[in-house]
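Observations on the three-dimensional arrangement
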Amino acid sequence: MVVASMILSALLFVVGTLGVLIRRNAIIMFLSIELQLNAVNLTFVALSRVWGIEGQIFVFFVMTVAAAEAAVGLAIIISIFRHYETVNVNNFNLLKW
Amino acid sequence: MHAILPMLLTGGTAALQAGTEAGSQSGAGAFVPFLPGLVVLLPLIGFVINGVLALLHARASAVAVRNGGELDLDGPGGRPLTHTLPTWVGPGVVGLAFLITLVNFVRMLGVHLEEPVVRTYWTWIDTGTFHVAAALQLDQLSMVMMLVVTGVSFLIHVFSVGYMGDDPAYPRYFAYLNLFVFFMLTLVMASSYALMFVGWEGVGLCSYLLIGFWFTDREKADAGKKAFVVNRIGDFGFLVAMFLLFSRFHTLDFVPVFHGAAAGLAYGGGLITAITLFFFLGATGKSAQIPLYIWLPDAMAGPTPVSALIHAATMVTAGVYMVARSSVLYALSPVGSATVAGVGALTAFFAATIALKQYDIKKVLAYSTVSQLGYMFVGVGVGAYAAGIFHLMTHAFFKGLLFLGAGAIIHSMHHALHHTHSHADAQDMRNMGGLRKYMPITWIVMWVATLAISGVWPFAGFFSKDEIIWQAGAFGGAAHAPYPRLYTFYWILALAAALLTAFYMTRLMVMTFHGPNRTGTEESRHLRETPAVMWIPLVTLAALSLFGGWINVPEKLHQSFLGLFGALPMGEWMHHWLEPVTAAAQQIQATHLGAVSESAPFGGGEVLWGVVSFLLAVAVIAFAWRMVGSRKYVPAEESPADTGFARVLNRKWYVDELYDTIVVRPLKSTSRFCWKVIDAGVIDGIVNGLGYLARGLGWFGSLFQTGTVNTYALILSLGVLVILGVVIF
């Protein structure tokens, strides 16, 4: 049971990582990050069967932070969209220099 | 007044004295120095006052130039204060210093001082095992030097009032001159080699400043630079000698070093030889001996009173003083002493040959000075320290007089040529001739000095120079003399140089004062005798040149007809006076070498050779008189260039050219190599290379900074993978 959960969360994490690396749409990348976070959440929950309740407490923390992050992140994406009228990250290269 | 004077002269008011003293006295009464610190301090005060005036004057003339005019010194308001005050302050402080020195001298005469009196003022250097106190030492040797320095300086300061009075930079001139006297007194009164070195460097600085006094003239500024650089080479020797001395004695104070020298250093050992030779290297620089004499003739670019004071009477004798001061060390090193005497004898002869063919009056005197300094080194090199110092003193009189006389001539010539706007050289003797009609006082005093330097009885030079030559011969005949043949050679060189001296000096006199005048008919009407402020110092020095030799007539001569059968008042006074200072050295010499010979190398006693050298000098003067007098000279511009050997002498044996080829040029090309290849190529290359490397790496790193979030995320993921890989495997 634990092994199957591990495999599943590893797959989910890889999918999320590849999504962040490959996709150019900021919203999709954002979704991929959420996917990564939830992959990690799955491992926490699964492993709490073996090591105790602390893993589940961590999951709550992660979900809280993720919610805050989602609020701020979406706000940023919206303001970027208002400025550039696009959410394709290839157009945003101001982080250079 | 009746009460004060005796008290002043015997030092009854010990309570007034500041500072602490060391040194014990024997005999009647104790020597209490009278304000010795003030002797040094007074010229410094003069320097400060004149220096401030010089700055004020510089500001005033800068303001005048900015307002589109020029500062007129002879305006309706009379001379400004900046040009009247130095007249009193400059000579005044030196005159006061001379008076204080006189008081001390009279006090010292009254007691027999065995040990020097050292007066400590404050601690100058206090680090680890190295301690130097700012302390002045008073003994017979420093007293002689103080008298010569302050006395001759005072006369030359007075002369300068006339000579430099119309110079716009008059206050600056006196500031430098006062500063020089300050450093020179520090040099001769210092109680340790370290403090002596302060004076040693200080006089070098003043020499540089005064040679390049008219610094807007490129040639004169270069002459100052040359003097400074050549002196640095000598100073290197002085420093090394001090280090060596310190390594053995752990102090640089004169008293402990000289007391411990005989016990602490092996006679003729390697260390003492090195110390004496390095000290002598310092002396060759400061006192213009082979191989470092080349700066002195160029130093004539300075004002003529400066040449008289610094480059004839006082500063250049510092090396002789230093060797005499270190007499114990030199007595312990036969090689060192033989080198001193040898370099001295060679220089005396070599410089005299160059003087034979110079046309610039100051150049003749400059080479004459180099030659006479050579005599002094022969004296101190053969252990006749009193004779060396005696010649130093008489030389200060007659060479100071010769230079001041030359200054008077140049002053007069300059005025005459100025009237017709002629550009002829005011210093070239070919443009002079027949000046005795126009300048009778200068003519007479110059002849006194000429007879003195030529060694004609009874002038000062006869007694001082003859004693040195005699001692050189007698030293070679000592029972265990180290290199007897060598000293015979020195003796011959010194005798030959004496004859050359008589020749070139007579040539100078005849070309300058006798024969027809060659200045030009219009110009010669403006030739004038100098004012009293200039000829009174000349006459004073002439009297000293005439009588100054009588204070140290050797015992044998004193009893013979040359000493008027003992009628001359003072006998071997200088010899006895310096006895406490040189006694230790004489004792070392007597122990190791035995008694000196009573006859010259080829027989004959002191009186006989005295007569011989006197007759030879007179014969040479007569010969030169006829030979030079019969020659037709024409003004410098019409004179053909010398040919053959005369040309070689006129060009100074091509020594400057030789040095240029073997020292200056290789040094320049080495410097160029170091600059262009090593500094600009290698060192800058490494530094720049590192810079380029950092820039290249930065450029490479910047390739990864695309600005796109995905790239960063990719690098981040790869980094995580790498770290994970490292942790797991």
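Position numbers for residues count from 1 along each chain, tracking the sequence in the order it is written. Lettering of chains starts at A and numbering of ligands starts at 1, both following the order in which they are written. In view of the model being predicted, local features appear only for residues whose pLDDT reaches at least 70, and side-chain atom pairs are presented and counted only at 80 or more, with totals across whole chains, interfaces and linings using the full set of residues.

**Observations regarding the overall build of chain B**
- Helical segments are the DSSP runs of H or I of at least four residues, strand segments are the runs of E of at least two, and each set is numbered from the N terminus. When helices and strands are tallied, chain B shows 28 helices and 3 strands.
- In chain B, of all internal contacts separated by at least 6 residues, the share reaching a separation of at least 24 is 80%. C-beta atoms are placed from the backbone for every residue, and two residues are taken to be in contact when these atoms lie within 7 Å.

**Regarding the domain arrangement of chain B**
- For the domains described, the bounds stem from an automatic or database domain assignment. Per the domain assignment, the segments of chain B are domain 1 (192-636 + 645-650) and domain 2 (659-728).
- Between the C-alpha centres of domain 1 of chain B and domain 2 of chain B the distance comes to 62 Å.

**Re the interface of chain B and chain A**
- Listed by partner, the interface residues are 9 residues for chain B and 9 residues for chain A.
- Classification used: nonpolar for Ala, Val, Leu, Ile, Met, Phe, Trp, Tyr, Cys and Pro, charged for Asp, Glu, Lys and Arg, polar for all others including Gly. Class assignment of the residues belonging to the side of chain B that touches chain A gives a composition of 3 nonpolar, 6 polar and no charged.

**Topic: helix 19 (residues 484-513) of chain B**
Residues and elements named next belong to chain B.
- An ideal rise of 1.5 Å per residue puts 44 Å on 30 residues; helix 19 measures up with 44 Å between its terminal C-alpha atoms.
- Exposure classes come from backbone-placed C-beta atoms, where a residue is buried if 20 or more other C-beta atoms lie within 10 Å of its own, exposed if 12 or fewer do, and partly exposed in between. Burial of helix 19 is extensive: 21 of the 30 residues sit out of reach of the surface.
- One or two positions beyond helix 19, positive phi appears at G515, with a value near 75 degrees. Expected helix span is given by 1.5 Å per residue-to-residue step, counting one fewer step than there are residues.

**Describing the nonpolar core**
Residue and element names in this part refer to chain B.
- We define the nonpolar core as any set of buried residues of the types Ala, Val, Leu, Ile, Met, Phe, Trp, Tyr and Cys, connected via C-beta atoms lying within 7 Å of each other. Within the largest apolar cluster, 228 residues are counted, with the highest numbers of intra-cluster contacts made by V378, A472 and A494.
- For this core, the element with the highest residue contribution is helix 16 (residues 385-419), accounting for 20 residues.
- In this structure V378 touches A341, G344, A345, A348, I468, A472, Y490 and A494, once residues within four positions along its chain are discounted.

**Quick look at the environment of L11(A)**
- Along the chain, L11(A) falls in helix 1 (residues 2-22).
- C-alpha separation for the pair L11(A) and A39(A), spaced 28 residues apart in sequence, amounts to 8.2 Å.

**A closer look at the pairing of strand 2 (residues 117-127) of chain B**
All names here are of chain B.
- Strand direction decides the pairing type here: strand 2 and strand 3 (residues 130-138), joined by 9 bridges, are antiparallel. Looking at the pairing, V118 lines up with Q137 of strand 3.
- In short, DSSP must find at least two bridges between two strands for them to pair. Hairpin remark: strand 2 followed by strand 3, antiparallel, with 2 residues in the connecting loop; positive phi at G128, about 55 degrees.

**Side note on unusual backbone geometry**
All names here are of chain B.
- With omega at 5 degrees, the peptide bond leading from I290 into P291 counts as cis.
- With a phi close to 55 degrees, H421 is a non-glycine residue in the positive phi region.
- Along the chain, H421 falls in the loop between helix 16 and helix 17 (440-454).
- At W653, a position not held by glycine, the phi torsion is positive, near 60 degrees.
- Within the secondary structure layout, W653 lies in the loop between helix 26 (644-650) and helix 27 (655-702).

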